[in-house]
Amino acid sequence: LRVVVATSNLGKVIEFEEALSGLGWQLEPLGDYSLPEETGSTYAENAMIKAAAASLHTGLPALADDSGLEVAALGGEPGLYSARFGNRKDDHERNLYLLERTRNVQDRRAKFISVLVLAYPDGHIEEYRGEVDGQLLEGPRGVGGFGYDPLFGLPDGRSMAQLSLEEKRAVGHRGKAFDALKKAHVDGPPP
Ligand code: ITT
């Protein structure tokens, strides 16, 4: 299967390639095509907007991810708006802003959510979801991953940015969504 990777986030591209190696798919880059604005009100809707647009543009099946960090003490923020939290433009600035917003906050519960959508040129859609619970750390730890990974603490005390790519896939939100995708494609005919 030739599949377009419908994301402009390099961190996601790396995780897509690692997670899908072994499936025998030929992954195609998005090139300089710009994904449309994410106007949906759920992760699934936004992933669908991105995957459907890339599929329409290329004539190939396209796979998109929409994801976010939900912080309990912030009522689920930044959630759908994780990529533009506080209007900060890069990962580092968003992490500093998140630390500022949660300074002296006792309840550190947080979760990552990922929804993958595979859209086919005939309009057929597949959707897979994954989540992971964690704790917001008091400061960044580790240099791996991307986005909020250095601030996301796991039960073993490490941050998501201290995991290898394989370890992040095994415990992370996106990895769980990919497990469901792979199960559907390896264990049976495409749904
Ligand atoms: P595309 O839409 O092009 O895929 P994006 O970065 O804009 O890229 P989203 O709209 O899904 O993607 O934004 C999700 C944001 O949530 C992302 O920019 C990160 O800041 C954060 N995020 C998502 N998955 C993450 C992960 O695995 N680790 C750390 N932060 C993550």
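Residues numbered from 1 in each chain as written. Predicted model: local features only at pLDDT ≥ 70, side-chain atom pairs only at ≥ 80, totals over all residues.

Asker: Lay out the nonpolar core with the relevant residues and their values.
Answerer: Core analysis: the largest hydrophobic core is formed by 40 residues, its most contacted members being Ala6, Ala51, Ala62, Leu63, Ala64, Leu116 and Val117. When contributions to this core are tallied by element, the ones reaching two or more residues are β1 (2-5), α1 (10-20), α2 (43-58), β3 (62-71), β4 (109-119), β5 (125-136) and α5 (173-187). If you tally residues by element for this core, the top one is β4, at eight residues. (Core = buried A, V, L, I, M, F, W, Y, C linked by C-beta atoms within 7 Å. Buried ≥ 20, exposed ≤ 12 C-beta atoms within 10 Å, placed from the backbone. Helix = DSSP H or I, 4+ residues; strand = E, 2+ residues; numbered from the N terminus.)

Asker: Quick one: what's the story with the sheet that holds strand β2 (residues 26-28), residue by residue and with numbers?
Answerer: Pairing is mixed in the open sheet, where six strands are placed in the order β2-β1-β3-β4-β5-β6. Among the strands making up the open sheet, the edge pair consists of β2 and β6 (152-153). Along the sheet face, α1 touches β1, β2 and β3 and points at about 170° away from the line of β2. Packing against the sheet, α2 makes contact with β1, β3, β4 and β5, and its axis sits at approximately 160° to β3. (Pairing = 2+ DSSP bridges. Contact = placed C-beta atoms within 7 Å. Axes fitted to C-alpha atoms, helices over the stretch in contact; angles between N-to-C directions.)

Asker: Give a detailed account of unusual backbone geometry, specifying residues and quantitative values.
Answerer: Cis geometry is found at the peptide bond from Glu77 to Pro78, where omega equals -5°. One can find Pro78 in the loop between β3 and α3 (91-101). Even without being a glycine, Asn87 presents a positive backbone phi close to 60°. Tracing the backbone through its elements, the reader meets Asn87 in the loop between β3 and α3. Here Asn104, not a glycine, exhibits a phi torsion of approximately 65°, which is positive. Inspection of the secondary structure puts Asn104 in the loop between α3 and β4. The class of Asn104 is exposed, set by 4 C-beta atoms lying within 10 Å.

Asker: If you had to explain the site of the ligand to someone new, which residues and values would you point to?
Answerer: Around the ligand sit 22 residues in total, of which Thr7, Asn9, Ser82, Ala83 and Gly147 are the nearest. Examining the composition of the shell around the ligand, we find that five residues originate from one element, β3, more than from any other. The class makeup of the residues in the shell around the ligand is six nonpolar, nine polar and seven charged. (Near = placed C-beta within 6 Å. Nonpolar A, V, L, I, M, F, W, Y, C, P; charged D, E, K, R; others polar.)

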